[in-house]
Amino acid sequence: MALGVTPAGPSYPQPEQGKVAPTEQVQPPDSRWAQIQARGRIRVGLDPSLGPAYLYTDLERQTYAGFEWDILEALAQTLQVQVDPIYVAWSEQLAALQADEVDLIWGAREALGLDPEQFLATRPYYLSPQRLVVRDPSPASGPEEPAIETLSQLLGRKVGIVVNSTGAALLEAYNERRGNAIRLFATSNPERLFAQLQAGQLDAVLVDQPVAALNLRQAGSRLRLVGPPLFPMPLVGVVSSRHPSLKEAVDAAIVILTENGTLQQILEKWQLWDPTLMSPASTEG
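Per chain, residues are indexed from 1 in the order of the written sequence. Selection of residues for local features in this predicted model requires a pLDDT of at least 70, selection of side-chain atom pairs for listing and counting requires 80 or more, and totals for whole chains, interfaces and linings are taken over all residues. Only hydrogens and water are set aside; all other atoms, that is, all heavy atoms of the structure, feed into the side-chain values.

Draft legend 1. Helix 2 (residues 67-79), seen in detail. Numbering goes from the N terminus for both helices and strands, where a helix is a DSSP run of H or I of at least four residues and a strand is a run of E of at least two. Multiplying one less than the number of residues by 1.5 Å gives the expected span of a helix. A rise of 1.5 Å per residue sets the reference length of helix 2, with its 13 residues, at 18 Å; its end C-alpha atoms lie 18 Å apart and thus fit the reference within 8%. A 1.4 Å probe rolled over the protein chains alone gives each residue an accessible area, and that area as a share of the maximum for its type sets the label: buried under 20%, exposed over 50%, partly exposed in between. Buried within helix 2 are the following residues: Phe67, Glu68, Trp69, Asp70, Ile71, Leu72, Ala74, Leu75, Ala76 and Leu79. Downstream of helix 2 by a residue or two, Gln80 has a phi angle that is positive, lying close to 65°.

Draft legend 2. Looking closely at the pairing of strand 9 (residues 126-135). Counting buried positions along strand 9 yields 9 of 10 residues, so the element is predominantly enclosed. Here, any two strands with at least 2 DSSP bridges between them count as paired. Note that strand 9 and strand 13 (residues 223-235) share 8 bridges and pair antiparallel. For Tyr126, the partnering residue across the bridge sits in strand 13 and is Leu235. Sheet topology note: the strand 9/strand 12 (residues 204-208) ladder contains 5 bridges and is antiparallel. Its bridge partner being in strand 12, Val134 is matched across the sheet by Ala204.

Draft legend 3. Structural view of the environment of Ala108. Among the structural elements, Ala108 can be located in the loop between strand 7 (104-105) and strand 8 (119-121). As for Ala108 and Leu50, which are separated by 58 residues in sequence, their C-alpha atoms are 7.8 Å apart. Any two residues having at least one pair of non-hydrogen atoms within 4.5 Å are treated as being in contact. Beyond its immediate sequence surroundings of up to four residues, Ala108 is in contact with Leu50, Tyr54, Glu68, Trp90, Tyr125 and Leu235.

Draft legend 4. Structural detail: the layout of surface pockets. What the largest pocket holds in volume is close to 980 Å³. Residue lining of the largest pocket: 32 residues in total, with Leu50, Tyr54, Ala108, Val162 and Asp208 positioned closest to the centre. Within the residue set of the lining of the largest pocket, elements represented by two or more residues are strand 9, helix 5 (190-198), strand 12, helix 6 (209-219) and strand 13. Broken down by element, the residue count for the lining of the largest pocket peaks at 4 residues, all from helix 6. Counted by class, the lining of the largest pocket contains 16 nonpolar, 11 polar and 5 charged residues. Of the grid points, spaced at 1 Å and generated over the protein atoms alone, those admitting a 1.4 Å probe that cannot get out make up cavities, while open sets with protein on both sides within 12 Å along at least five of seven lines make up pockets; any residue with an atom within 4 Å of a point is treated as lining. Grid points are joined across faces, edges and corners, and a volume is the space filled by probe spheres set on the points. Here the nonpolar group is Ala, Val, Leu, Ile, Met, Phe, Trp, Tyr, Cys and Pro; Asp, Glu, Lys and Arg are the charged ones; every other residue, Gly included, is treated as polar.

Draft legend 5. Layout of the sheet that holds strand 9. Strands sit in the order 11-10-12-9-13 across an open sheet of 5 strands; the sheet is mixed. Both outer strands of the open sheet, strand 11 (183-187) and strand 13, are each paired with one neighbouring strand and no more. For this sheet, the mean inter-axis angle between neighbouring strands, taken without regard to orientation, is 20°. Geometry is summarised by axes, namely lines fitted to C-alpha atoms with helices restricted to the contacting stretch, and by angles between N-to-C directions that run from 0 to 180 degrees. Along the sheet face, helix 5 touches strand 9, strand 10 (158-162), strand 11, strand 12 and strand 13 and points at about 155° away from the line of strand 12.

Draft legend 6. Representation of the packing of helix 2 against helix 8 (residues 262-269) within the structure. Relative orientation of the contacting elements helix 2 and helix 8 amounts to 160°, with a least axis distance of 10 Å. Considered as vectors, helix 2 and helix 8 are oriented roughly antiparallel to each other. The element helix 2 and its partner helix 8 pack so that their crossing is right-handed. Residues Phe67, Asp70, Ile71 and Ala74 of helix 2 pack against Thr262, Leu263, Ile266, Leu267 and Lys269 of helix 8. With respect to orientation, any angle under 35 degrees is reported as roughly parallel, any angle over 145 as roughly antiparallel, any angle of 65 to 115 as roughly perpendicular, and every other angle as oblique. Left-handed is the label given to a crossing in which the near helix is rotated counterclockwise from the far helix by less than a right angle, and right-handed is the label when the rotation is clockwise.

Draft legend 7. Region of the structure containing helix 5. Along helix 5, the positions that sit buried rather than exposed are Leu193, Phe194, Gln196 and Leu197. The buried residues of helix 5 occupy an angular sector of 160° when projected down its axis, which confines them to one face. Under the rule applied, a polar contact is a pair of N or O atoms within 3.5 Å (in protein, one hydrogen donor and one hydrogen acceptor; residues adjacent in sequence only if both atoms are side-chain atoms). Where helix 5 starts, the residue carrying a side-chain oxygen 3.1 Å from the main-chain nitrogen of Glu191 turns out to be Asn189. Gly200, located one to two residues past helix 5, shows a positive phi value of around 85°. In this description, the arc belongs to the directions extending from the helix axis to the C-beta atoms.

Shown next, in the form of structure tokens:
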């Protein structure tokens, strides 16, 4: 994008004698948000393989579903544009944004690690913590070991984690310091973890709260959350650094959704609202 040069004029301080007045380079405002408003649609890169309860394909209704989709639809309604969903594999979304194939990427993104020279993170719309899930003891099973309530009680226990997740990184780092004190079982299939927990093959599972909430609803009363939310990670949308006007528009819409209670209603619908966590709108992205 071309840079404009603004010379010193009557309204600027005059240079001292013998010194050259510096020129001031001004970046003209980008027009991406205005373009989106004009066409009435925002191109959003999505990957439904994120799965429940984040973002998935609802085959029966032939649309997307999940708390990420509900928030995105509410965001678009606030912005008064339609969502134009474009499937892009999660690993390829940043490249698609750079290539201008989409305006916004959405779904399980964290600002951490983004190159600020290429990408802008929106305000967070959800703080995703890790949650410890255990099995309730059976009254008919007789005396058992003390119930697990905290991470410190996982020593010597077999704990399920999802490969490459925040929970996995947390417990793997813990084991490095403690000499593999926790017996970790890792898989890319969260449903397998909860089935094994139900069957007594695992002592606990540490997963993202959206995954935990979904599986607790499906698993029934034998499983429960224990302990506080751990390491909440802000989830954000991402736009190109060339389009700060779009970031500003999305940020403003997220603030509106937070202040009018829409964001809370969506998170409550998916059993994700936790008033003990900081409000996403007041968290720095």
